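Here's the letter readout for the chains.
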Amino acid sequence: MVAMEFGYKILMLFSILVLGKAEVYIVRVEGEPVISYKGGVDGFEATVVESDEKMDVNSEKVTSYSRHLEEKHDMLLGMLFVRGTYKKLYSYRHLINGFAVHISPEQAEILGRAPGVKSVERDWKVRRLTTHTPQFLGLPTGVWPTGGGFDKAGENIVIGFVDSGIYPHHPSFATYEEPYGPLPKYKGKCEVDPNTKRSFCNGKIIGAQHFAEAAIAAGVFNPEIDFASPLDGDGHGSHTAAIAAGNNGIPVRMHGHEFGKASGMAPRARVAVYKALYRLFGGFVADVVAAIEQAVHDGVDILNLSMSPNSPPATTKTTFLNPFDATLLSAVKAGVFVAQAAGNGGPFPKTLLSYSPWMASVAAAIDDRQYKNHLTLGNGKILPGMGLSPATHANRTFTMVAANDVLLDSSVMKYSPSDCQRPEVLHKNLVEGNILLCGYSFNFVVGTASIKKVSETAKSLGAIGFVLAVENVSPGAKFDPVPVGVPGIVITDVSKSMELIDYYKISTARDWTGRVKSFKATGSIGDGLIPILHKSAPQVALFSARGPNIKDYSFQDADLLKPDILAPGSLIWAAWALNGTDEPNYLGEGFAMISGTSMAAPHIAGIAALIKQKHPHWSPAAIKSALMTTSTTLDRAERPIQAQVYSGSETVTLVPATPFDYGSGHVNPRAALNPGLIFDAGYEDYLGFLCTIPGIDAQEIKNYTNSQCNYTLGHPSNLNTPSITISHLVGTQTVTRTVTNVAAEETYVITARMAPAVAIETNPPAMTLRPSASRKFTVTLTVRSVTGSYSFGEVLMKGSRGHRVRIPVVAMGYDR
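Our subject in this report is the structure included herewith. Here the structure is a predicted model, which is why all the values come from computation and not from measurement.

So, about the overall build of the protein. Check the secondary structure of the protein and you find 20 helices and 41 strands. Against the compact-globule benchmark of 28 Å for 816 residues, the protein has a radius of gyration of 28 Å, which places it among compact chains. Residue burial in the protein is summarised as follows: out of 816 residues, 59% are buried. Just so you have it, the protein exposes about 31,400 Å², and 53% of that area is on carbon and sulfur atoms. Averaging the coordinates of the 73 positive side-chain charges in the protein and doing the same for the 72 negative ones gives two points 3 Å apart.

Quick look at the structure:
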């Protein structure tokens with residue numbers, strides 16, 4: 001003991017001398033967090049709960065042990081460092097045991113060598129993964145009536161959003177219909193707007209807090225734009241919350257046109273806001289972990305994460321073990337279902353940013369609604385394009401004038417006038433009553449130019465409308481339809497833009513200096529406000545991240561399928577923050593139509609809330625299983641789902657989708673409420689999975705989970721998930737699955753099919769299960785030929801009462 005105290009004094013002396021630039025570190029220390037503390041510390045009772053029980057966070061034993069952990073954190077820092085040389089940002093006590101601290105790299109080294117410290121990891125960043133869908137998914141007719149209608153869909157279920165905050169005054173979150181009563185199971189608090197002194201909560205919004213200590217310590221937090229409150233300064237958080245739980249039947253009005261009525265998947269669910277993402281810099285894991293800790297402590301049922309770490313910390317040996325994933329493992333242990341966006345790095349392989357089996361990783365689909373428009377030229381040619389706008393006057397054509405031909409003087413060329421972002425550099429008399437022809441440049445990709453601004457320029461100059469021609473496609477360009485108040489169209493096909501430009505050149509007379517003598521090119525813009533519904537939906541969106549999943553930072557393939565499921569994520573109408581600045585095309589608007597796996601994840605979070613409402617005691621794994629096994633791999637025309645990919649450099653084409661694109665398939669909410677069988681798993685199963693992965697020692701797992709490797713699964717693919725993946729199949733391998741019957745007694749016939757390179761067999765061929773009974777079955781895979789690529793297949797279980805349970809099978813054969 002004397003030696004230890006002497007050691008601490010030496011460390012303290014050294015700490016006075018450290019002068020390095022301070023950074024945020026996440027530190028984990030020995031000792032069980034509240035979620036898994038089984039007792040053993042004198043004076044503190046066990047706080048661990050059974051898997052389907054909610055922790056009583058206000059109980060004396062929880063608050064007492066939680067206080068004890070925080071005191072230990074403070075004591076450790078106080079013994080090592082002189083007061084004022086460090087700043088503790090958070091104590092993590094409920095899901096992991098540790099803290100976030102702002103210290104120098106030298107102090108971090110000292111901390112890493114201190115007794116009782118398991119790991120010291122430098123904080124890293126996270127990013128956002130940026131309404132017709134209730135109808136597309138069949139909720140109003142097939143799901144909401146079973147729970148009492150839309151006005152009861154999601155009743156008393158709390159969905160937590162770790163995101164960019166919320167705009168609380170939006171009608172999607174109002175309580176003017178049927179007021180909400182108190183919900184004693186939820187213990188969260190409501191911050192007050194520092195400017196208006198009004199609470200961010202209203203009954204629908206049941207909790208609202210913000211987390212920015214790491215962002216402040218990093219010196220990137222600006223209270224003027226980022227808001228030191230739960231207020232959404234971005235728009236992303238309001239959008240995701242409205243997709244999952246926004247009120248039903250909210251008119252989406254912009255520029256005098258109604259685009260339909262918006263609704264969340266679970267319109268009666270409560271919204272709990274944990275703001276940890278910010279407009280300009282995204283967020284930091286230290287803040288996100290604190291937000292997740294708080295959400296689980298407060299008692300949320302569902303957690304939506306429409307974001308992911310920019311890159312996982314390479315300090316751990318596997319993608320499944322880091323402070324972020326370990327915190328979420330504890331959240332699932334506490335009975336919270338977690339939906340996470342899969343990532344927007346598609347269509348390239350191994351771009352997933354959601355790896356672990358305890359989360360539902362959600363890929364993004366294009367639904368059946370498309371907005372198209374056309375430009376009719378004076379020579380009779382019709383050019384297709386994109387324009388969410390009204391038409392020019394019927395049966396009339398209008399003169400077209402190019403921005404570069406109507407400049408006030410040549411000196412304004414420095415402003416890139418062809419972008420049509422600055423009306424003051426264009427000649428109003430020449431534009432008025434005509435169609436303004438503009439050019440799409442890289443400025444639109446980086447966000448310094450916007451289609452909204454083009455429409456405002458056209459309107460302020462009295463133009464009848466505008467055309468934005470894409471002459472070359474910049475890397476990163478995405479052409480989403482943007483609602484505008486004047487007739488307008490973007491010609492996205494470069495060859496069609498060149499046809500327009502050639503017609504304009506031929507039709508425009510110029511003098512010897514190049515100045516226009518007369519504008520003779522004419523055209524008319526069609527009506528782009530009416531959506532076209534097509535049967536080739538759903539399709540996997542181009543940007544949606546793809547598998548295979550990886551188990552480490554050498555990008556070695558994991559024996560675990562990701563993504564898990566596909567949900568709508570392209571061109572989703574939902575609430576927006578009036579002060580939201582994330583999308584320049586929606587500045588100052590109340591709604592936005594945007595795309596990303598960020599939009600897909602809250603679809604799954606909201607549908608999971610409906611399942612939780614119907615089956616309150618189901619585990620997160622059971623809910624995930626119900627979603628996956630009932631999903632579909634066929635589109636509306638009963639053909640296999642297709643995926644968007646690049647053909648050549650920038651051309652988009654369609655190919656047959658695989659489980660690496662869509663996981664188990666596209667979500668089917670109606671079937672998910674009544675899946676027949678479930679593949680259940682809990683904390684011990686996930687622990688067994690971790691303990692089975694080659695190359696990870698038991699000590700590292702203990703460091704992150706506070707649990708011993710008491711058993712393994714033999715092979716990672718034996719984890720009881722509703723999918724089977726063997727990344728390195730040699731000879732023959734048999735995997736085991738256990739199903740539990742959640743319906744009446746039923747007999748299931750089991751069949752399987754697989755691509756020819758791998759043989760597949762199941763045993764037994766049939767089984768009868770009584771209510772709540774569980775049965776094991778095996779799937780045996782054998783290499784027939786080594787092709788150097790993955791083979792795909794499925795196991796299908798058809799029930800005598802009509803249930804249909806399907807799981808994808810993925811394997812790559814090797815000769816040794």
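Now, onward.
Take the pairing of strand β15 (residues 360-366) next. Counting buried residues along β15, 7 of its 7 residues qualify, which places the element largely inside the surrounding structure. Of the two faces of β15, both are covered, the one formed by Ala360, Val362, Ala364 and Ile366 as well as the one formed by Ser361, Ala363 and Ala365. In this sheet, β15 lies alongside strand β14 (residues 337-341) in parallel orientation, the contact comprising 3 bridges. Of the residues in β15, the one forming a bridge with Ala339 is Ala360. Strand direction decides the pairing type here: β15 and strand β27 (residues 539-540), joined by 2 bridges, are antiparallel. Looking at the pairing, Ile366 lines up with Gln539 of β27.

Here we take up the pattern of salt bridges. Scanning the entire structure with this criterion turns up 22 salt bridges. Linking Arg546 and Asp661 is a salt bridge whose minimum nitrogen-to-oxygen distance equals 3.3 Å. On the criterion of sequence distance, the pair formed by Arg546 in the loop between β27 and β28 (565-568) and Asp661 in helix α17 (residues 659-662) is long-range, its members being 115 residues apart. Each member of the pair, Arg546 as well as Asp661, is classed as buried. Residues joined in a network through salt bridges with shared partners are Glu70, Asp74, Lys88 and Arg93.

Moving on, we get to the nonpolar core. With 73 residues, the main nonpolar core has Val162, Ile292 and Leu303 as its most contacted residues. The biggest single contributor to this core is helix α9 (residues 285-298), with 9 residues. Grouped together as the second largest cluster of nonpolar side chains are 72 residues, Met265, Leu571, Trp576 and Phe591 included.

Here the focus is helix α8 (residues 236-245). Burial within α8 is extensive, with 10 of its 10 residues counted as buried. Within α8 the residues assigned to the buried category are His236, Gly237, Ser238, His239, Thr240, Ala241, Ala242, Ile243, Ala244 and Ala245.

Looking now at the sheet that holds strand β37 (residues 758-763). Through backbone hydrogen bonds, the strands of a sheet pair up, either in parallel or in antiparallel fashion. Ordered in space as β33-β35-β39-β37, the 4 strands form an open sheet in which the pairing is antiparallel. Edge strands, defined here as strands with exactly one partner in the open sheet, are β33 (677-678) and β37. Strand direction decides the pairing type here: β33 and strand β35 (residues 732-741), joined by 2 bridges, are antiparallel. Note that in β35 the partner of Leu677 across the bridge is Asn741.

Procedures and definitions
- Residues numbered from 1 in each chain as written.
- Predicted model: local features only at pLDDT ≥ 70, side-chain atom pairs only at ≥ 80, totals over all residues.
- Heavy atoms only, no water.
- Helix = DSSP H or I, 4+ residues; strand = E, 2+ residues; numbered from the N terminus.
- Rg over C-alpha atoms; globule rule 2.2 N^0.38 Å.
- Buried < 20%, exposed > 50% of the residue type's maximum accessible area, 1.4 Å probe, protein only.
- Areas by Shrake-Rupley, 256 points an atom, 1.4 Å probe, with all protein chains shown as cover.
- Lys, Arg positive; Asp, Glu negative; His and termini not counted.
- Charge placed at Lys NZ, Arg CZ, Asp CG, Glu CD.
- Pairing = 2+ DSSP bridges.
- Salt bridge = Lys/Arg side-chain N within 4 Å of Asp/Glu carboxyl O.
- Core = buried A, V, L, I, M, F, W, Y, C linked by side-chain atoms within 4.5 Å.

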